[in-house]
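# Reading the structure
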Amino acid sequence: MSHNKIKIGSVLPDVNGDITLNLTDLNDVSGTPTTDQYLQYNGSGWIPASASSAGSVEYIFIGQGESNAYSNSPHGTGAFTGTDDLYVYDTAPKNTITGATITSSSDWISSITLPAGNYLVSGQTLLEFSSSGHAAYGFYDSSNNRLTQLGIIGTSRSSFFGAGDLAYSIIELASSTTIKLKLDNVSGTLETGTNQANTPSEYGLIIIEKLA
C-alpha cells in the first residue's frame, strides 16, 4: 500500500497509516534526556543538558559579626599607616569556590587566593578614629595593584559626594591571584590596634561571587 512507503527517520507507519515518533527517532537528536533536562544545540545536533541551579553558584563569605579585639589580628596593638593591610575576623568562613584558598591567623583573614576567572567582590570595614578624618580602602593584589573602587569611612566621608563605604568591583583574573583588603589613604588619625577594640571584627565583611 502507498502509506507503507512513508518513513520518518527510522519509523514506519502502522497498518492504519499512523506514525508515533519519539525525540530520539529524529536524526539530529541524540541521547536520552532525564527529568528536568532540556535539549541543547551543540553545533551539529540536539543533546540532553541540565539547567544550572542556584545551588551551583560558587562564593566566599567572610565576616559574621563576631567579637574579637583587633589587637589580636596580625596588625597588633600599634598605630596605622596610610597603606596598612586590613583584616576581617571569622571563625568559620564559607568558601565554595573550587581552587580558592583563604589565609588567616587566629581567625583573622589576611588574604584570599582566587583561580583564574571573573568575580564580583565586595568588602567592608569600620575603624575607630581619634580625630576627624576619613580612610579609603580597597582590594589589592600581592603586587599592591588596586583592583576595585575605594570604600570610604570616617567623619569626613561626606566630602566624597556620597561615596559608599563598600569597596567593590567586578575583577577579571587571567591567572591565580592573591587579593587582600588594604588602606589606600588616611586623613586624620586612626586609633591604635588596641583602641580599635571589637569594631573591625563586628563590622568587617568580604563577599566574593564567581561569575565565570
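Before reading on, note that the structure itself is shown above.
My aim in this report is to walk through the structure given alongside it, one point at a time.

Rules used in this analysis
Residues numbered from 1 in each chain as written. Predicted model: local features only at pLDDT ≥ 70, side-chain atom pairs only at ≥ 80, totals over all residues. Heavy atoms only, no water. Helix = DSSP H or I, 4+ residues; strand = E, 2+ residues; numbered from the N terminus. Buried < 20%, exposed > 50% of the residue type's maximum accessible area, 1.4 Å probe, protein only. Contact = heavy atoms within 4.5 Å. Areas by Shrake-Rupley, 256 points an atom, 1.4 Å probe, with all protein chains shown as cover. Patch = residues over 30% accessible without salt bridge, like charges linked within 9 Å, V, L, I, M, F, W, Y side chains within 5 Å. Salt bridge = Lys/Arg side-chain N within 4 Å of Asp/Glu carboxyl O. Pairing = 2+ DSSP bridges. 1 Å grid on protein atoms, 1.4 Å probe; cavity = no way out; pocket = protein on both sides within 12 Å on 5 of 7 lines; lining within 4 Å. Points joined across faces, edges and corners; volume = space filled by probe spheres on them. Nonpolar A, V, L, I, M, F, W, Y, C, P; charged D, E, K, R; others polar. Phe/Tyr/Trp six-rings, centres within 6.5 Å; stacked < 30°, edge-to-face > 60°.

## Re the overall build of the chain
- Across its full length, the chain holds two helices and 13 strands.
- Here the chain, with 212 residues, has 33% of them falling under the buried criterion.
- Here the analysis covers contacts within the chain between residues at least 6 apart in sequence; of these, 62% occur between residues at least 24 apart.
- When the accessible area of the chain is evaluated, it comes to approximately 11,400 Å², of which 49% is carbon and sulfur surface.

## Digging into a nonpolar patch on the surface
- Together, Leu120, Ile170 and Leu211 make up an exposed nonpolar region whose accessible area comes to about 270 Å².
- Turning to its location among the elements, leucine 120 is positioned in strand β8 (residues 117-124).
- A relative accessible area of 37% places leucine 120 in the partly exposed class.

## Overview of the sheet that holds β8
- Strand order in the open sheet formed by five strands is β5-β3-β13-β8-β11, and the pairing between neighbours is antiparallel. At either margin of the open sheet sits one strand with a lone partner, and together these are β5 (94-95) and β11 (167-173).
- Sheet analysis places β8 next to strand β13 (residues 205-210), joined by six bridges and oriented antiparallel. Following the sheet pairing, valine 121 is matched in β13 by isoleucine 208.

## A closer look at empty space enclosed by the protein
- Applying the stated criterion to the full structure yields one cavity of 30 Å³ or more.
- Empty space within the largest cavity amounts to approximately 50 Å³.
- Lining of the largest cavity is provided by Leu86, Tyr87, Val88, Ile109, Ser110, Ser111, Ile112, Ile179, Lys180, Leu181 and Ile206.
- Of all elements in the fold, only β7 (108-114) and β12 (177-187) reach the threshold of two or more residues within the lining of the largest cavity.
- Per element, the largest residue contribution to the lining of the largest cavity is four residues, and it comes from β7.
- Looking at the lining of the largest cavity, its residues break down into eight nonpolar, two polar and one charged.

## Here we look at the packing of aromatic side chains
- Enumeration according to the criterion identifies four aromatic pairs in this entry.
- A ring pair is formed by tyrosine 70 and phenylalanine 80, whose centres lie 6.0 Å apart and whose planes are at 15°; its orientation type is stacked. In this pair, tyrosine 70 is assigned in the loop between β3 (59-62) and β4 (88-89) and phenylalanine 80 in the loop between β3 and β4, connecting sequence segments 10 residues apart.
- Given the relative accessible area of 1%, tyrosine 70 is considered buried.
- Aromatic pair tyrosine 89 and tryptophan 108: ring centres 5.0 Å apart, planes at 55°, arrangement tilted. Taken together, the residues span a long stretch of sequence, with tyrosine 89 in strand β4 and tryptophan 108 in strand β7 at a distance of 19 residues. This pair shows no difference in class: tyrosine 89 is buried, exactly as tryptophan 108 is.
- Three or more aromatic residues link up through ring pairs in this structure, and these residues are Tyr70, Phe80, Tyr87, Tyr89 and Trp108.

## Notes on the pairing of β8
- Sheet topology note: the β8/β11 ladder contains seven bridges and is antiparallel. Considered in β11, the bridge of glycine 123 is made with alanine 167.

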